[in-house]
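What follows is the residue order along each chain.
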Amino acid sequence: MKKTLEYILACLVDKPDDISVTEEEQNGMVSYTVTVAKEDMGKVIGKEGKVIRAIRNVMKIPAIKENKKVHVSLSENE
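Residues numbered from 1 in each chain as written. Predicted model: local features only at pLDDT ≥ 70, side-chain atom pairs only at ≥ 80, totals over all residues. Heavy atoms only, no water.

Section: the overall build of the chain
Stage number 1. Tallying secondary structure elements over the chain gives 3 helices and 3 strands in all.
Stage number 2. A principal-axis box enclosing the C-alpha atoms of the chain has dimensions of 35 × 20 × 20 Å.
Stage number 3. Counting the 78 residues in the chain, one finds 27% classified as buried.
Stage number 4. Here the chain displays about 5,300 Å² of accessible surface, and carbon together with sulfur accounts for 49% of that area.
Stage number 5. Mean positive and mean negative side-chain charge positions of the chain (13 and 13 charges, respectively) differ by 8 Å. (Helix = DSSP H or I, 4+ residues; strand = E, 2+ residues; numbered from the N terminus. Buried < 20%, exposed > 50% of the residue type's maximum accessible area, 1.4 Å probe, protein only. Areas by Shrake-Rupley, 256 points an atom, 1.4 Å probe, with all protein chains shown as cover. Lys, Arg positive; Asp, Glu negative; His and termini not counted. Charge placed at Lys NZ, Arg CZ, Asp CG, Glu CD.)

Encoded structure:
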């Protein structure tokens, strides 16, 4: 699932080398913390949060297949 998330993000941003995804798993819940460049934050969030909401929905598909829950949060690179 992590590679899927990294691929989606790399296609969206101008600086794909600045993407960092950390993964934590506890009790069937997989948490991803995404760090992108400050300039790319708006592209990842989108208008009214539509892009990040779509990313979260896409990430639910493989999570459901593995009987897990997924949470994607954003963090800003400085």
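What follows continues from the structure just given.
Points about the sheet that holds strand β2 (residues 29-37)
Stage number 1. Pairing is mixed across the open sheet formed by 3 strands, whose spatial order is β1-β2-β3. The open sheet has two edge strands, β1 (20-26) and β3 (69-77), and neither has a second partner. Taken over all neighbouring pairs, the strand axes of this sheet differ in orientation by 20° on average, direction set aside.
Stage number 2. Sheet topology note: the β2/β3 ladder contains 9 bridges and is parallel. Its bridge partner lying in β3, Ser 31 is registered against His 71.
Stage number 3. Contacting β1, β2 and β3, helix α1 (residues 2-12) runs over the sheet at an angle of about 150° to β1.
Stage number 4. On top of the sheet, helix α3 (residues 50-65) reaches β2 and β3; it is set at about 140° to β3, its chief contact. (Pairing = 2+ DSSP bridges. Axes fitted to C-alpha atoms, helices over the stretch in contact; angles between N-to-C directions. Contact = heavy atoms within 4.5 Å.)

Section: the pairing of β2
Stage number 1. In terms of strand pairing, β1 meets β2 through 7 bridges, oriented antiparallel. Paired with Glu 24 across the strands is Ser 31, a residue of β2.
Stage number 2. Adjacent in sequence and paired antiparallel, β1 and β2 are bridged by 2 residues, among which Asn 27 carries a positive phi angle near 50°.

With respect to α3
Stage number 1. With 16 residues, α3 should reach 22 Å at 1.5 Å per residue; the first-to-last C-alpha distance of 24 Å fits that figure.
Stage number 2. Turning to α3, the residues buried within the fold contact α1, β2, α2 (41-45) and β3. (Expected span 1.5 Å × (residues − 1).)

Quick notes on the packing of α1 against α3
Stage number 1. Where α1 contacts α3, the two axes come as close as 10 Å, and the packing angle between them is 155°. Considering the angle they form, α1 stands roughly antiparallel to α3. The hand of the α1/α3 crossing is right-handed. In this structure, α1 contributes Thr 4, Leu 5, Ile 8, Leu 9 and Leu 12 to the contact, and α3 contributes Val 51, Ile 55, Val 58 and Met 59.
Stage number 2. Taken together, the residues of the contact of α1 with α3 sort by class into 8 nonpolar, 1 polar and no charged. (Parallel < 35°, antiparallel > 145°, perpendicular 65-115°, else oblique. Left-handed = near helix turned anticlockwise from the far one by under 90°. Nonpolar A, V, L, I, M, F, W, Y, C, P; charged D, E, K, R; others polar.)

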